[in-house]
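# Per-entry structural report
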Amino acid sequence: MTSSSDILDTPLGELESCGVLSLIEELELLAPVSAASLPRVTLWQFFALCLYPEGMEGKRRKLSGSSLPDSALLNQTLRALSRDESAVFPLCEAIARRNGTSVEFHLGQRVYTFLNGQIPRMERGKRR
């Protein structure tokens, strides 16, 4: 089993956590990205692909939970995930740590909002 500290660098093909796999399935419904076709891509890279489906030079596409049922993981607050001992909560902790913050500052956010804010924005190259 992958620890939460290195789960972000784990290739998608090696993930074992049912909660994280469920989150990936939900993300595939929102973004034109297929995890099955990307077994060597890390989880962190997969998140970036969900927000930048056209590549880093393309337009950033924010995630939204509006097309998913209220019970979807992406629509849950981090606080609710922490109480349920969901496998997604340690993943959110690892994302926050990678960004130099604490998940406690984001407990009221829904997972999709948290991901939108925590996955780095890629700056486009300046035109000459």
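In this text, all values refer to a predicted model and were calculated from it rather than measured experimentally.

## Overview of the environment of Ser67
Within the fold, Ser67 resides in the loop between α2 (43-51) and α3 (78-84). Sequence spacing of Ser67 and Leu30 is 37 residues, and the spatial spacing of their C-alpha atoms is 8.1 Å.

## Some details on the packing of α2 against helix α4 (residues 88-98)
The description of two helices packed together rests on the angle between their axes and the distance between the axes. Where α2 contacts α4, the axes come no closer than 12 Å and their chain directions differ by 85 degrees. Considering the angle they form, α2 stands roughly perpendicular to α4. Where α2 approaches α4, its residues Leu43, Trp44 and Phe47 are matched on the opposing element by Leu91, Ile95 and Arg98. Taken together, the residues of the contact of α2 with α4 sort by class into 5 nonpolar, no polar and 1 charged.

## Notes on helix α1 (residues 18-30)
The end-to-end C-alpha separation of α1 is 19 Å, in line with the 18 Å expected for 13 residues at 1.5 Å each. Of the positions making up α1, those classed as buried are Gly19, Val20, Leu23, Ile24, Glu26, Leu27 and Leu30. One side of α1 holds all its buried residues, which, seen down the axis, span an arc of 165 degrees. Turned more than 90 degrees away from the buried face of α1 sit Cys18, Glu25 and Leu29, all of them exposed.

## Topic: the nonpolar core
Ranked by internal contacts, the top residues of the largest apolar core, which has 42 residues, are Phe46 and Phe47. Of all the secondary structure elements, the ones that give two or more residues to this core are α1, α2, α3, α4 and α5 (111-118).

## Describing the confidence of the model for the protein
Averaged over the protein, the pLDDT score is 86; the fraction of residues at 70 or greater is 89%. When the criterion is pLDDT under 50, residues 124-128 qualifies, and its contacts beyond four places in sequence or with other chains add up to 4 contacts.

## Some thoughts on the side chain of His106
In this structure, His106 sits in the loop between α4 and α5. Its relative accessible area of 13% is what places His106 among the buried residues. With residues near it in sequence (within four places) discarded, His106 still touches Leu78, Thr101, Phe114 and Gln118.

## Re the environment of Pro120
Here Pro120 shows up in the segment after α5. The partly exposed category is assigned to Pro120, whose relative accessible area is 30%. Each residue touching Pro120, except ones within four places of it in the same chain, is listed here: Trp44, Tyr52 and Arg60.

## A word on α4
Three- or four-residue spacings in an α-helix give side chains the same orientation, since the helix completes a turn every 3.6 residues. What α4 keeps buried is the set Val88, Phe89, Leu91, Cys92, Ala94, Ile95 and Ala96. The inward-facing, buried residues of α4 contact α1, α2, α3 and α5. Note on α4: the residue one or two positions beyond its end, Gly100, has a positive phi of about 75 degrees.

Conventions adopted
Residues numbered from 1 in each chain as written. Predicted model: local features only at pLDDT ≥ 70, side-chain atom pairs only at ≥ 80, totals over all residues. Heavy atoms only, no water. Helix = DSSP H or I, 4+ residues; strand = E, 2+ residues; numbered from the N terminus. Axes fitted to C-alpha atoms, helices over the stretch in contact; angles between N-to-C directions. Parallel < 35°, antiparallel > 145°, perpendicular 65-115°, else oblique. Contact = heavy atoms within 4.5 Å. Nonpolar A, V, L, I, M, F, W, Y, C, P; charged D, E, K, R; others polar. Expected span 1.5 Å × (residues − 1). Buried < 20%, exposed > 50% of the residue type's maximum accessible area, 1.4 Å probe, protein only. Arc of directions from axis to C-beta. Core = buried A, V, L, I, M, F, W, Y, C linked by side-chain atoms within 4.5 Å. pLDDT = per-residue confidence, 0-100.

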